[in-house]
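One letter stands for each residue in the lines below.
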Amino acid sequence: MKSSNGHTILVVEDEDSLSQAVSMRLSSSGFRVLRQSNGHEGLACALKERPDLILLDIVMPVMDGMEMLSALRKDEWGKDVPVILLSNLSDPSYAAGAIEFGVFDFLVKSDWSLDDLCRKICQHLGC
Amino acid sequence: MLNTFRRRLSLLVILMAIVPVCVLIFFVFTSMRNTFLDQQRNSVLLSLSRDVNFFEQDFKQTPSDFSDQSFWSEYFVKNDLVSGRFLVNENGSVLFGGDHLVQDFSFDKNFFLTDFSRHISVDSSYIGFFERDNVHYFFHRIFVPGDIPESFVVVFEPVLTSDLLTGYYSLRNTLLSGGALLLVLLFIIGFLFFRRLSEHAVSFVELIRSVENGDYSQPVPAFLLSAPGDFGVLARAFQSMRDKLHLAHDSLRSDVDRKTRALQMSLEHARQDNHALSVSRTALATALEDVREERDRSKMLLQESQKFRMAVDAASDHIVIADADSVILYANPAAERITGFLFEEMRGKKMEDSSLWDGLMEDSFYEDLWKTVRDRKEAFVAEVRNRRKNGEEYYSAVSISPVLGDGGKIVFFVSVERDITEQKMIDQSKTEFMSLASHQLRTPLSTVRWYLELILGGDAGRVTKQQKMYLEELVVANHRMIELVGALLNVSRLELGTFRVDPQSVVVPDVVRDVFRELRSEIVMKKLVVEEQYHAKNFAMLADRNLFHVVFQNLLSNAVKYTPVDGSVSFASEFVSSHKSLRGQKFDVDTVVFSVTDTGCGIPSDQQDRVFSKLFRADNARSVDPDGNGLGLYVVKSVVESVGGRIWFESIEGKGATFYVSFASSGMKSRDGSRDLVV
C-alpha cells in the first residue's frame, strides 16, 4: 500500500482484529501501514523497513514489546525511531521502564478512539 | 494546811477570850455606874431632905390658902429653897418656881402629871425620885401641920441624869484609857517576846530544814547558841549533833558514790556487751533476710526471664538480638527456620554480614535502615527481599528496633521478621490476576470500540440512520464496560493496597484542564457554564499526577453528568492555614482545599451517608444516568484518604452539590506500590 502522506507506520500487535482496525483507520488517513504480530518479526521488519513510527503492543508471544523495544534501541537507527506503546495493561510500571527506552507515549487501547490515536500520530509526525 | 488550821484555831481562841473579857468589862463598868448613880442620888436626896427639914422646923403657921403664891414665895425665898427647885401641890399645880423648867429640862406637863400621880399620893412615899427623859425628878413632901391631911406640898428638884453621872464618866474614861494603854503595852511586850521566841523557833526550824536538805553549812546563829535557858541548850546540842551527822553523812555518801560508780561501770560494760550482741544479731538477721530476698528475687527473675525466653523461643516470627555493634547474640528457632541458618552459625557475626541471609535490596535501602536505627535511634519497618541459606528468595516484613539503655545509648538491636513470602505471592498472584483479567477484558472491549468506530465512520459502507442509532447504543454500552473494567481494577488495587503514589510537582490547573477537555463534548451539549478559580495562578504542589487525575476526573464527570442543561460546574482551590477551619472542617496543617460545585440534582439528604460506599447510587442519580457503576466515589475516597487527604460534600436535593477534597499543602506522601491506579 502506498502512503499518500509519505509516512509509514509499523503496527506490532498480536491481536489480529485490533491490528486490522488500526491499520484500516491509518490507511484511510493516508498512512502506509505495516503489520507484525510478535516482537521478533516486528524487530526484523522495523530494522528492514525503517518506518516513521511504531505502534507497539506489549503482551505478545515469542518476544514481547519491551524486549523488542530494548533490542530496537540498541540499533543505530532504532534508537531514535518514535515508538508509541499500545497496551491494555493499564499500569505504567511498564511506562517507567519504557521511559528509559525513550517511548513517545503509552496509551491504553480501550481508552482511545481510533480518531484520537490518528490525531496523536499526525501531531507527532506533522501531517 | 495545818498552819491555816492552827492559825484559825488560835484566832478562834483569841476571839473566845476577847468576848467574855469584853462582857466582863461591860458589867464592871455598868455596876460602877450604878453604884455611882446611887451614890449621887442619895446625896441629892440627903441635901433635899436636909433643906426640907430646915423648912419644916421653921414652919409655924399653916397658911390659910395653900394656893397662895405669895405666901410660898416669901417662904421659899426666905428659906432659900428656891434655887433650881419648884413647889407643887397635891394636884400637881406649880405653886412656886419652875420658871426654868421648860427651858432647862424640856419639861412636859402632861407627862409630869402622869408620873407625879404615880409616884406621889397621900399614902405613898414622901421622898424619892423618878426619872423621865434623862431628868431625875427628886421630890420631898412637906407635911403641913394642920388639919388638912389631903393637902400636901412637894418640893421637886430636877437634875439631869448626865449631871449625876459626871463623876462616873470621868472615872470611866480614865479607867478605859488607862486600860487601853496597859493593853497596848502588854501587847507590845507580848509581841516582842513572842517574836523573839518565834524567831528562835523559826531559825531553829530553818536549821532543821537545811539539815533535812542535806545542807550542813548553815551556821547556827549566835543568838540561838547564846539564848538563855532551854533554847540555848537545845541550840548547842543541835549544833554538835549536826556536825556529827554531817561527818557521817559525808563518809557514807563517798562510800556510796564509790560503790555506785563501780556498779555503773560494770553495768555499762554489761550493757555495751549486750548492745554489741544485739547489733550483730540484727545485722545477721538482716543479712539473712537480704540473702533470702535476693534468692527469691533471682528465682522470680529467672522464672520471668524463662517465661520470656520461652515466649521468644516459641514465637513464629524470626527474632534476632544483637549488641550495639550489631553482633548477633541470640536468634530464636523461628529465625533459624526462616533464614535456614543455625544460631551457632549466626553467633558472633554481624547482622548485615553477607554470609548470612543475604539482603537483595539496594544499598540505599540498607543505608537508610542503619541511619534510622543507629543515628536516629528509631525503629525501621519495611518489607525486604532476602535469600535463605539454600538460596531460596523470600519476602519478610522487617522491624528492627534499637534498645536504649541509660543515657539513651544503644545497648541492643532487636530484629523481628515475619516471612510474608506466601502472602506476597498471594498478593502478587492477585495483582497479576487482576492485570490479566483487565487486560483480557479490555482486548475485546477495544476491538468492539474500534470496529464500531470504523463502521460509524463509514469504513464498511454507508450507515443508515437507524443503523447509526443502534450502533451508537453499542458505543455507549461498550464505553460503560470499559469504564467498569477500569473502576474494578482500581477497586481491587485499592483493596490490595498495591497502588503507587509518586509525587512530583504537579501544576494543578493543567490537570483540571485536561479533565475538562475530556468532558468537553458533554459540557458543550448541555450548554454548561464552566468556571475555574485558583487561589494562586498556576499553582503547583507535590502530588501524584495520576491520582489527581483520577480524583478530579471522577468529581468533575459526576458534576457534568448530574447537572441539567444550562447549569454550571465550577472547580476552585483554596488555601487554608493550619489550625484554621473551612466549612466546618478544621485543619492541623496548612492545607489546600479543592472544590467541585454543580447546579445539578443534588443528593437526597436521607441517602447522603451512603454516597461513598461501593456500588451505591442515589435514586435521583439513577434517574439521570441509569448506567453509572457506583464505584467512582468509593475509589476517590479511598485514594484521597490513603494519601492523607480528606473528602466531604455539601448538597441540597434539586439545588446541586459541592464536593471538597483537601490535601496537606506539603503534598502527597510517596507510596511504594506495584501498580498505578487506572486513570
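Residues numbered from 1 in each chain as written. Chains lettered and ligands numbered in written order. Predicted model: local features only at pLDDT ≥ 70, side-chain atom pairs only at ≥ 80, totals over all residues. Heavy atoms only, no water.

Draft legend 1. Summary view of the overall build of chain B. Looking only at helices and strands, one finds 18 helices and 20 strands in chain B. Looking at the 679 residues of chain B, the share that counts as buried comes to 35%. Look at the contacts in chain B between residues 6 or more apart in sequence, and 59% of them connect residues 24 or more apart. Roughly 40800 Å² of accessible area belongs to chain B as shown, and the carbon and sulfur atoms make up 57% of that amount. (Helix = DSSP H or I, 4+ residues; strand = E, 2+ residues; numbered from the N terminus. Buried < 20%, exposed > 50% of the residue type's maximum accessible area, 1.4 Å probe, protein only. Contact = heavy atoms within 4.5 Å. Areas by Shrake-Rupley, 256 points an atom, 1.4 Å probe, with all protein chains shown as cover.)

Draft legend 2. Representation of the overall build of chain A in the model. A tally of helices and strands in chain A yields 5 helices and 5 strands. For chain A, the N- to C-terminal ordering of α and β elements is β-α-β-α-β-α-β-α-β-α. For chain A, with 127 residues in total, the buried portion stands at 55%. Put simply, 62% of the contacts in chain A that link residues at least 6 apart link residues at least 24 apart. When the accessible area of chain A is evaluated, it comes to approximately 5500 Å², of which 49% is carbon and sulfur surface.

Draft legend 3. Expanded view of the packing of helix H1 (residues 16–28) of chain A against helix H12 (residues 421–456) of chain B. Direction vectors running N to C along H1 of chain A and H12 of chain B enclose 30°, while the axes themselves pass 9 Å from each other. With respect to H12 of chain B, the axis of H1 of chain A lies roughly parallel. As for how H1 of chain A packs across H12 of chain B, the hand of that crossing is left-handed. On H12 of chain B, the residues that touch Ser-17, Leu-18, Gln-20, Ala-21, Val-22, Met-24 and Arg-25 of chain A of H1 of chain A are Thr-443, Ser-446, Thr-447, Trp-450, Tyr-451 and Leu-454 of chain B. Along the lines of polarity and charge, the residues of the contact of H1 of chain A with H12 of chain B split into 7 nonpolar, 5 polar and 1 charged. (Axes fitted to C-alpha atoms, helices over the stretch in contact; angles between N-to-C directions. Parallel < 35°, antiparallel > 145°, perpendicular 65-115°, else oblique. Left-handed = near helix turned anticlockwise from the far one by under 90°. Nonpolar A, V, L, I, M, F, W, Y, C, P; charged D, E, K, R; others polar.)

Draft legend 4. Structural detail: a nonpolar patch on the surface. On the surface, a cluster of nonpolar side chains totalling about 500 Å² of accessible area is made up of Phe-5, Leu-9, Leu-12, Val-13 and Met-16 of chain B. By the element assignment, Phe-5 of chain B lies in helix H1 (residues 2–58). (Patch = residues over 30% accessible without salt bridge, like charges linked within 9 Å, V, L, I, M, F, W, Y side chains within 5 Å. Salt bridge = Lys/Arg side-chain N within 4 Å of Asp/Glu carboxyl O.)

Draft legend 5. Broad picture of helix H18 (residues 632–642) of chain B. Residue and element names in this part refer to chain B. Within H18, 8 of the 11 residues are buried, which leaves it mostly tucked inside the rest of the structure. Along H18, the residues classified as buried are Gly-632, Leu-633, Tyr-634, Val-635, Val-636, Ser-638, Val-639 and Val-640. Looking one or two places after H18, you find Gly-644, whose phi comes out positive at around 85°.

Draft legend 6. Fine view of the pairing of strand E20 (residues 656–664) of chain B. Residue and element names in this part refer to chain B. E20 sits mainly inside the fold: 8 of its 9 residues count as buried. Strand direction decides the pairing type here: strand E18 (residues 591–598) and E20, joined by 8 bridges, are antiparallel. Pairing of Val-596 across the sheet is with Phe-659, part of E20. Relative to E20, strand E19 (residues 646–652) runs antiparallel, the two being bridged by 7 bridges. Each bridged residue has a counterpart across the sheet, and for Glu-650 the counterpart in E20 is Thr-658. The antiparallel hairpin formed by E19 and E20 contains 3 residues in its connecting segment, where Gly-654 sits at a positive phi of about 85°. (Pairing = 2+ DSSP bridges.)

Draft legend 7. Structural context of the packing of helix H5 (residues 114–125) of chain A against H12 of chain B. In the contact formed by H5 of chain A and H12 of chain B, the axes pass within 9 Å of each other and the chain directions differ by 85°. When the axis of H5 of chain A is compared with that of H12 of chain B, the two are roughly perpendicular. Judged by residue contacts, Leu-114, Asp-115 and Leu-117 of chain A of H5 of chain A engage Trp-450, Glu-453 and Leu-454 of chain B from H12 of chain B. For the contact of H5 of chain A with H12 of chain B, the residue count by class is 4 nonpolar, no polar and 2 charged.

Draft legend 8. The arrangement of the side chain of Thr-161 of chain B in detail. Residues and elements named next belong to chain B. Mapping Thr-161 onto the fold places it in helix H5 (residues 161–164). Judged by relative accessible area, Thr-161 falls into the buried class, the value being 6%. There is a polar contact of 3.0 Å between the side chain of Thr-161 and the backbone oxygen of Asn-134. Ignoring any residue separated from it by four or fewer positions in sequence, one finds Thr-161 in contact with Leu-37, Glu-131, Asn-134, Val-135 and His-136. (Polar contact = N/O pair within 3.5 Å; in protein donor to acceptor, adjacent residues only side chain to side chain.)

Draft legend 9. Examining the interface of chain B and chain A more closely. If you look at the interface, chain B gives 22 residues, while chain A gives 25 residues. Roughly 2000 Å² of surface becomes buried between chain B and chain A when both sides are summed, with 57% attributable to carbon and sulfur atoms. Viewed at the interface, chain A and chain B are joined by 0 salt bridges. The tally of links between chain B and chain A comes to 11 residue pairs in polar contact (both at pLDDT 80 or more). Secondary structure elements with two or more residues in the side of chain B that touches chain A: H12 and helix H13 (465–496) of chain B. In terms of residues, the side of chain B that touches chain A owes the most to one element, H12 of chain B, which gives 12 residues. Tallied by class, residues from the side of chain B that touches chain A come to 7 nonpolar, 7 polar and 8 charged. (Buried area = accessible area lost by both parts, 1.4 Å probe.)

Draft legend 10. Looking closely at the sheet that holds strand E4 (residues 83–87) of chain A. Residues and elements named next belong to chain A. One open sheet accounts for 5 strands, arranged E2-E1-E3-E4-E5; its pairing is parallel. Edge positions in the sheet fall to strand E2 (32–36) and strand E5 (105–108), since each has one partner strand and no second. Each neighbouring strand pair of the sheet contributes to a mean axis angle of 20°, computed without reference to strand direction. Pairing geometry for strand E1 (residues 8–12) and E2, over 5 bridges, is parallel. The residue of E2 that forms the bridge with Val-12 is Gln-36.

Draft legend 11. Spatial organisation of the environment of Val-678 of chain B. Among the secondary structure elements, Val-678 of chain B is positioned in the segment after E20. As for Val-678 of chain B and Glu-483 of chain B, which are separated by 195 residues in sequence, their C-alpha atoms are 9.8 Å apart.

Draft legend 12. The nonpolar core, seen in detail. Residues and elements named next belong to chain B. Core analysis: the largest hydrophobic core is formed by 55 residues, its most contacted members being Val-508, Phe-548, Phe-552, Leu-556, Phe-571 and Phe-594. In terms of residue count, the dominant contributor to this core is helix H16 (residues 545–562) (10 residues). Among the domains, domain 3 (420–498) and domain 4 (499–664) are the pair contributing at least three residues each to this core. Excluding its chain neighbours within four sequence positions, the residues that come into contact with Phe-548 are Val-506, Val-508, Val-511, Met-541, Ala-543, Gln-553, Phe-594, Phe-663 and Met-668. (Core = buried A, V, L, I, M, F, W, Y, C linked by side-chain atoms within 4.5 Å. Domains from an automatic or database assignment.)

Draft legend 13. View of the pattern of salt bridges. Inspection of the entire model under this criterion finds 36 salt bridges over all chains. With a shortest N-O distance of 2.2 Å, Arg-25 of chain A and Asp-115 of chain A are connected by a salt bridge. Here Asp-115 of chain A lies in helix H5 and Arg-25 of chain A lies in helix H1, a separation of 90 residues in the sequence. The buried category is assigned to Arg-25 of chain A, whose relative accessible area is 18%. Between Arg-418 of chain B and Asp-317 of chain B there is a salt bridge, with its nearest N and O atoms 2.8 Å apart. Linking Arg-418 of chain B in strand E11 (residues 410–419) with Asp-317 of chain B in the loop between helix H8 (230–314) and strand E6 (318–323), this pair joins segments that are 101 residues apart in sequence. Through salt bridges with shared partners, a single network forms among Glu-13, Asp-57 and Lys-109 of chain A.

Draft legend 14. Here's a closer look at the confidence of the model for chain A. Chain-level statistics for chain A give a pLDDT mean of 86 and a share of 91% at 70 or above. Of all helices and strands in chain A, the one with the weakest mean pLDDT is helix H4 (residues 93–100) of chain A (68), whereas E1 of chain A scores best (95). (pLDDT = per-residue confidence, 0-100.)

Draft legend 15. Spotlight on the side chain of Ser-210 of chain B. Looking at the secondary structure, you find Ser-210 of chain B in helix H6 (residues 166–212). Note on Ser-210 of chain B: relative accessible area 6%, which makes it buried.

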